[in-house]
Amino acid sequence: MTAEVVRIEGLHKSFGSLEVLRGIDLAVREHEVVCLIGASGSGKSTLLRCINLLEPIDAGRVLIAGADITLPDVNENKVRRGIGIVFQAFNLFPHMSVLANVTLGPRRVLRVPQAEADRRATELLGRFGLADKREEYPDRLSGGQQQRVAIVRALAMNPELLLLDEITSALDPELVAEVLSVVRELAAGGMTMIIATHEMGFARDIANRVCFLDAGRILEEGPPDQIFSAPAEARTRQFLDRVIAAGRL
Amino acid sequence: MLIAVVSSIIFFTIVAIALTSSSTWPLVERDFFDGPTFWRYLPVIAGAFVTNIQLFLIAEILVLGLGLLVAVLRSLSGPVFFPIRLLAIAYADIFRGLPSILIIFVLGFGVPALGLPGVPGDPFFWAVVSLTLVYTAYVSEVYRAGIESIHPSQAAAARSLGLSQVQALRYVVVPQAIRRVIPPLLNDFIGLQKDTVLVSYIGVVEAFRTANIEQQAHFNFTPYLALSAIYLIITLPLTRLTDYLVSRDRRRFLAGAR
Ligand SMILES: Nc1ncnc2c1ncn2[C@@H]1O[C@H](COP(=O)(O)OP(=O)(O)O)[C@@H](O)[C@H]1O
Ligand SMILES: [Mg+2]
């Protein structure tokens, strides 16, 4: 059995009077790829943001490699170093070149010397077909290229866990494939990932486990074949029927 | 374009003829537009204007730094920083809410009058201090508006890499914010240049004070005209530049560019 990278126990999170996460339990092992599916507003993004402490939680615990990161005396900057996140809207830094985007974390957080950081960033960019974009600014790149740079930026920190939050939802359809193929490559390389996605075909391919989120709870989870072919819950079936009707499976 | 030029020439010629042909014109010309007086005082006042330039350059450098510091302190989140935030807010509110001249008087006359040991009595010193305090309050608000205009997802992306709150501000939020607030900063810079004349009241002998002395000695307002000319040489290009930057930003915004 591989080691547990993240364990979430009884996680609750509210925004004001709106309870968005209502008791989430989830454990992810090393090299595992877990996909979160569920309707818009079901709490996928909030769950991912709670895991790297971008949102404070109200109750429950989150353990990374066995250590509780929700204790008050935890250094949240240290925790976040080891957890990469890629957002739906890319969120590249528009005033920095691609290279500067990718090396910001290694240089300022890990204190890697610039020459070394540049060398590693160039290598990573090359691996994902972005070598010639090194000096470009984000607004000169296509959406697909921007999102790949965002993935490289997260990878440059050598995270133990990668969180992907609907990273293809803001892309034109013809650009989705290039980004998903990057994620496939990462999965093949053994990267532990939690992926919120609306791309059901992709989830089915890539996931070791699929969790269906409904109104802030994991209503059902299991291997992709079981969830997509024979869901136990009526609400999961309803959701999948709607997705099929929308032509996304 | 041609029509605009021709119509401008005609318009201003008519205005000039109307002004100079009126019966009071000789009087006005003698007291305000006396050529020989103008050219005699211009070098004297320009010499005194060096003090104004020193004042606003020193104050402006302090203002640009301190204003950013106040804005950053105000934007730190978390209960630990609450007292600091409160202080920064109180400072900005109070100094923006008072007439500059009041602050200049209180600091320039009041503080030296206390005769505290080690406190300088030099009016130039207090002139720099009061102008800096007033304009830092305005400029901190300009910076703050810039910082708040940067979408929180930028800070979130920086924090997710492990950058601290201060690092996220320093490397990601503030550099973008400053680009956006250059035009309003220039506006406040012009305001500061103009307000340097106010410190003449606490005994700094600068250009306005010099013009004032000459005017009273000769009962002629032409020295003020000389000072106005000097001011406009400096402020007009800056004003045009500010307007240009504002309209360029607006065009970019409308074009949907970043
Ligand atoms: N910062 C916030 N403040 C208030 N409500 C929020 C905030 N972020 C998310 N929500 C609400 O929480 C719910 C879950 O949102 P989200 O986690 O983004 O869902 P999903 O990613 O599954 O679409 C939604 O109702 C959303 O409006
Ligand atoms: Mg979402």
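A.B. asks: Any chance you could explain the overall build of chain A here in plain terms?
C.D. replies: Looking only at helices and strands, chain A features nine helices and ten strands. Its C-alpha atoms give chain A a radius of gyration of 18 Å, near enough to 18 Å, the size a compact globule of 249 residues would have. Projected onto its principal axes, the C-alpha positions of chain A cover 55 × 45 × 40 Å. Within the span of chain A, comprising 249 residues, buried residues form 54% of the whole. Across chain A, the centroid of the 29 positively charged side chains sits 3 Å from that of the 33 negatively charged ones.

A.B. asks: I keep staring at the overall build of chain B and nothing clicks. Help me out?
C.D. replies: What chain B contains, in helices and strands, is ten helices and zero strands. Secondary structure of chain B in N-to-C order comes out as α-α-α-α-α-α-α-α-α-α. By the compact-globule yardstick of 18 Å for 258 residues, chain B is too spread out, its C-alpha radius of gyration being 23 Å. Counting the 258 residues in chain B, one finds 41% classified as buried. For chain B, the proportion of contacts with a sequence separation of at least 24, taken over those separated by at least 6, is 78%. With an accessible surface of roughly 14,200 Å², chain B has 73% of that area assigned to carbon and sulfur atoms.

A.B. asks: How should the site of ligand 1 be read in this particular structure?
C.D. replies: Residue and element names in this part refer to chain A. The full set of residues close to ligand 1 is Phe15, Leu18, Val20, Ala39, Ser40, Gly41, Ser42, Gly43, Lys44, Ser45 and Thr46. Here an oxygen atom of ligand 1 sits 3.3 Å away from a polar atom, N or O, in the main chain of Ser42. Between ligand 1 and Ser45, the relevant distance is 2.7 Å, taken from an oxygen atom to a side-chain nitrogen or oxygen of the residue. Protein coverage of the free-state accessible area of ligand 1, which is 550 Å², stands at 59%.

A.B. asks: How should the interface of chain A and chain B be read in this particular structure?
C.D. replies: Note on interface size: it is often stated as the accessible area lost on association of the parts. In this assembly, 25 residues from chain A lie in contact with 18 residues from chain B. Both sides together, the interface formed by chain A and chain B hides about 1,800 Å², and carbon and sulfur atoms give 59% of it. On the chain A side of the interface with chain B, the three residues burying the most area are Phe93, His95 and Arg108 of chain A, jointly 28% of the side's total. Joining chain A to chain B, the criterion identifies one salt bridge. The salt bridge partner of Arg159 of chain B is Glu76 of chain A, with a shortest N-O separation of 3.5 Å. Taken together, the elements giving at least two residues each to the side of chain A that touches chain B come down to helix 2 (76–81), strand 6 (83–86), helix 3 (98–108) and helix 5 (143–155) of chain A. For the side of chain A that touches chain B, the leading source of residues is helix 2 of chain A, giving four residues. Tallied by class, the residues present in the side of chain A that touches chain B amount to eleven nonpolar, six polar and eight charged.

A.B. asks: Could you clarify how one ought to interpret empty space enclosed by the protein in this entry?
C.D. replies: One water molecule sets the probe size; rolling that probe over the atoms shows where empty space is left. Taken as a whole and judged by the stated rule, the model has two cavities of 30 Å³ or more. Roughly 50 Å³ of volume is contained in the largest cavity. In terms of lining, the largest cavity is formed by Leu164, Glu166, Ile167, Thr168, Leu180, Ile195, Ala196, Thr197 and Phe202 of chain A. Of the residues belonging to the lining of the largest cavity, the class tally is six nonpolar, two polar and one charged. Around the second largest cavity, the lining residues are Ile85, Phe87, Ala150 and Arg153 of chain A together with Ala157, Ser160 and Leu161 of chain B. Elements supplying a minimum of two residues to the lining of the second largest cavity: helix 5 of chain A together with helix 7 (152–160) of chain B.

A.B. asks: In this structure, what is going on with the packing of helix 3 (residues 35–75) of chain B against helix 4 (residues 82–97) of chain B? I would like to understand it.
C.D. replies: To characterise two packed helices, one gives the angle between the axes of the helices and the distance between these axes. Residues and elements named next belong to chain B. The contact between helix 3 and helix 4 brings their axes to 8 Å, and the two run at 130 degrees. Taken together, the axis directions place helix 3 and helix 4 in an arrangement best described as oblique. Crossing of helix 3 against helix 4: the hand is left-handed. Two secondary-structure elements touch here, helix 3 through Val70, Leu73 and Arg74 and helix 4 through Ile84, Arg85, Ala88, Ile89, Tyr91 and Ala92. Each residue belonging to the contact of helix 3 with helix 4 can be placed in one class, and the counts come to seven nonpolar, no polar and two charged.

A.B. asks: Before we go on, may I ask you to explain the pattern of salt bridges in this structure?
C.D. replies: Opposite charge on two side chains permits them to pair, given that their charged atoms come into close proximity. Under the counting rule described, the total for this entry stands at 27 salt bridges over all chains. Between Arg119 of chain A and Glu123 of chain A there is a salt bridge; the shortest N-O distance is 3.5 Å. Residue Arg119 of chain A and its partner Glu123 of chain A are both found in helix 4 (residues 114–127); the two are separated by four residues, about one turn of the helix. For Arg119 of chain A, a relative accessible area of 45% gives the class partly exposed. Of the charged contacts in the structure, one is a salt bridge between Arg184 of chain A and Asp205 of chain A, with a shortest N-O distance of 3.0 Å. One end of the pair, Arg184 of chain A, is in helix 6 (residues 173–188); the other, Asp205 of chain A, is in helix 7 (residues 200–206), and 21 residues separate them in sequence. For Asp205 of chain A, a relative accessible area of 55% translates into the label exposed. Ionic contacts of the salt-bridge type, sharing partners, join the residues Arg74, Asp93, Arg96, Glu141, Arg144 and Glu148 of chain B into one network.

A.B. asks: Please explain the sheet that holds strand 10 (residues 217–222) of chain A as it appears in this structure.
C.D. replies: Adjacent strands of a sheet form backbone hydrogen bonds with each other and so pair up, either parallel or antiparallel. Residues and elements named next belong to chain A. Taken in spatial order, the six strands of this open sheet run 6-7-8-3-9-10, and their pairing is mixed. At either margin of the open sheet sits one strand with a lone partner, and together these are strand 6 and strand 10. Pairs of neighbouring strands in the sheet enclose a mean axial angle of 20 degrees, with direction left out of account. Two elements, strand 3 (residues 33–37) and strand 8 (residues 193–196), share four bridges in a ladder whose sense is parallel. Bridge pairing in strand 8 links Leu36 to Ala196. Running over the sheet, helix 6 touches strand 3, strand 7 (161–165) and strand 8 and is turned about 155 degrees from strand 8. Running over the sheet, helix 9 (residues 234–245) touches strand 3, strand 9 (209–214) and strand 10 and is turned about 95 degrees from strand 9.

A.B. asks: Would you mind going over a nonpolar patch on the surface with me for this structure?
C.D. replies: On the surface, Leu2, Val6, Ile10 and Ile14 of chain B cluster together to form a nonpolar patch covering roughly 410 Å² of accessible area. Residue position: Ile10 of chain B is located in helix 1 (residues 2–20).

A.B. asks: For this particular structure, what's the right way to read the nonpolar core?
C.D. replies: Within soluble globular proteins, side chains that are nonpolar tend to cluster in buried spots. Membership of the largest hydrophobic core comes to 87 residues, with the highest contact counts inside it found for Val6, Ile8, Ile51, Leu161 and Ile194 of chain A. It is helix 8 (residues 165–195) of chain B that contributes the most residues to this core, 13 residues altogether. Here Leu161 of chain A is in contact with Val5, Val6, Ile51, Ile64, Gly82, Ile83, Gly84, Thr192, Met193 and Ile194 of chain A, once residues within four sequence places are set aside. Val33, Ala150, Ala154 and Phe202 of chain A belong to the second-largest nonpolar core, a separate cluster that totals 48 residues.

Criteria and cut-off values
- Residues numbered from 1 in each chain as written.
- Chains lettered and ligands numbered in written order.
- Predicted model: local features only at pLDDT ≥ 70, side-chain atom pairs only at ≥ 80, totals over all residues.
- Heavy atoms only, no water.
- Helix = DSSP H or I, 4+ residues; strand = E, 2+ residues; numbered from the N terminus.
- Rg over C-alpha atoms; globule rule 2.2 N^0.38 Å.
- Buried < 20%, exposed > 50% of the residue type's maximum accessible area, 1.4 Å probe, protein only.
- Lys, Arg positive; Asp, Glu negative; His and termini not counted.
- Charge placed at Lys NZ, Arg CZ, Asp CG, Glu CD.
- Contact = heavy atoms within 4.5 Å.
- Areas by Shrake-Rupley, 256 points an atom, 1.4 Å probe, with all protein chains shown as cover.
- Near = heavy atom within 4 Å.
- Polar contact = N/O pair within 3.5 Å; in protein donor to acceptor, adjacent residues only side chain to side chain.
- Buried area = accessible area lost by both parts, 1.4 Å probe.
- Salt bridge = Lys/Arg side-chain N within 4 Å of Asp/Glu carboxyl O.
- Nonpolar A, V, L, I, M, F, W, Y, C, P; charged D, E, K, R; others polar.
- 1 Å grid on protein atoms, 1.4 Å probe; cavity = no way out; pocket = protein on both sides within 12 Å on 5 of 7 lines; lining within 4 Å.
- Points joined across faces, edges and corners; volume = space filled by probe spheres on them.
- Axes fitted to C-alpha atoms, helices over the stretch in contact; angles between N-to-C directions.
- Parallel < 35°, antiparallel > 145°, perpendicular 65-115°, else oblique.
- Left-handed = near helix turned anticlockwise from the far one by under 90°.
- Pairing = 2+ DSSP bridges.
- Patch = residues over 30% accessible without salt bridge, like charges linked within 9 Å, V, L, I, M, F, W, Y side chains within 5 Å.
- Core = buried A, V, L, I, M, F, W, Y, C linked by side-chain atoms within 4.5 Å.

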